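The chain contents come next:
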Amino acid sequence: MTRVGIGYDSHRFVEGRPLILGGVTIPYARGLAGHSDADAVAHALTDAILGAAAAGDIGQLFPDTDPQWKDADSMELLRSAHDLVRGRGYALAQADLTIISEQPKLGPHLGTMAAALTARLGAPPGSVSLKAKTNEGMGFIGRGEGIAVIAVATLEAR
Ligand code: MG
């Protein structure tokens, strides 16, 4: 049986933080605001994996009111969420993500991010697909205020 989940996340750009996406630090003048390291790619994929297993969401598992998750490594939260669904008899089969951001150009970093994600999840190479788009100058993304990520994940019984 295959189960499908969707995840969405957005974060605001701020000065003085590193930009971390998919576990990769990307050279840029600004980073993302958040209680954790604000890795919106890891967060969206975490929610897609949890959603596919009907196992809640990232905010329920790792509340941003809990000091334990302050500046947390979101790739570890992702791995932890995947471990939870594994405990329920599923494993990630495949995921597809779209990152929507006006700046910086993310294309050159997508392969590194995909490799970092599959490695952390113990998933086969090629099982995580990443794409980057701009928002054609429209809305909060177009104004460079923040970034959004959409993820779809499929789980298979194991
Ligand atoms: Mg988030």
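Presented here is a report on the structure given in the accompanying data block. (Residues numbered from 1 in each chain as written. Predicted model: local features only at pLDDT ≥ 70, side-chain atom pairs only at ≥ 80, totals over all residues. Heavy atoms only, no water.)

This next bit is on unusual backbone geometry. In this model, Q103 is joined to P104 through a cis peptide bond whose omega is -10°. Relative to the elements of secondary structure, P104 occurs in the loop between β5 (90–100) and α4 (110–121). Positive phi values are uncommon outside glycine, yet D71 reaches one of about 55°. Topologically, D71 is positioned in the loop between α2 (58–61) and α3 (74–87). According to the relative accessible area criterion, D71 is partly exposed, its value standing at 47%. Residue E136 is not a glycine yet carries a positive backbone phi of 55°. By the element assignment, E136 lies in the loop between β6 (128–133) and α5 (139–142). (Helix = DSSP H or I, 4+ residues; strand = E, 2+ residues; numbered from the N terminus. Buried < 20%, exposed > 50% of the residue type's maximum accessible area, 1.4 Å probe, protein only.)

Let us look at the coordination of the magnesium ion. Within the protein, the magnesium ion binds to D9 (OD), D9 (OD), H11 (NE2) and H43 (ND1); these donor distances fall in the range 2.2 to 2.7 Å. Ordering the donors of the magnesium ion by residue number gives the pattern D-x1-H-x31-H. Of this pair, H11 sits in strand β1 (residues 2–15) while H43 is found in helix α1 (residues 40–52), placing the two residues 32 residues apart along the sequence. Taking the relative accessible area as the measure of exposure, H11 reaches 14% and is therefore buried. Judged by its relative accessible area of 8%, H43 falls in the buried class. (Donors = N, O, S within 2.8 Å, 3.2 Å for Na, K, Ca; no water.)

Moving on to the packing of α3 against α4. Closest axis-to-axis distance for the α3/α4 pair is 9 Å, and the angle between their directions is 45°. Between α3 and α4, the interaxial angle falls into the category oblique. Crossing handedness for the pair α3 and α4: right-handed. From α3, M75, E76, L78, R79, H82 and R86 reach across to α4, where they touch A116, L117, R120 and L121. Of the residues assigned to the contact of α3 with α4, the class counts are 5 nonpolar, 1 polar and 4 charged. (Axes fitted to C-alpha atoms, helices over the stretch in contact; angles between N-to-C directions. Parallel < 35°, antiparallel > 145°, perpendicular 65-115°, else oblique. Left-handed = near helix turned anticlockwise from the far one by under 90°. Contact = heavy atoms within 4.5 Å. Nonpolar A, V, L, I, M, F, W, Y, C, P; charged D, E, K, R; others polar.)

What links the strands of a sheet is backbone hydrogen bonding, and the strands pair in either a parallel or an antiparallel sense. Overall, mixed pairing links the 5 strands, which are arranged β4-β1-β7-β5-β6 in an open sheet. Both outer strands of the open sheet, β4 (30–32) and β6, are each paired with one neighbouring strand and no more. Taking the axes of each pair of neighbouring strands and ignoring which way they run, one obtains an average angle of 25° across the sheet. Taken strand by strand, α4 contacts β5 and β6, and its axis lies near 145° from that of β6. (Pairing = 2+ DSSP bridges.)

Our next topic: α4. Each turn of an α-helix holds 3.6 residues, which means side chains three or four residues apart point in the same direction. Taking 1.5 Å of rise per residue, the 12 residues of α4 would be expected to cover 16 Å, and the 16 Å separating its terminal C-alpha atoms lies within 8% of that figure. When α4 is considered as a whole, its buried residues turn out to be L110, M113, A114, L117, T118 and L121. Seen from one end, α4 has its buried residues packed into an arc of 125°, which puts them on one side. Turned more than 90 degrees away from the buried face of α4 sit G111 and A119, all of them exposed. Where α4 is buried, its residues contact β2 (19–21), β3 (24–26), α1, α3, β5 and β6. Among the residues trailing α4, G122 stands out with phi positive, at a value near 65°. (Expected span 1.5 Å × (residues − 1). Arc of directions from axis to C-beta.)

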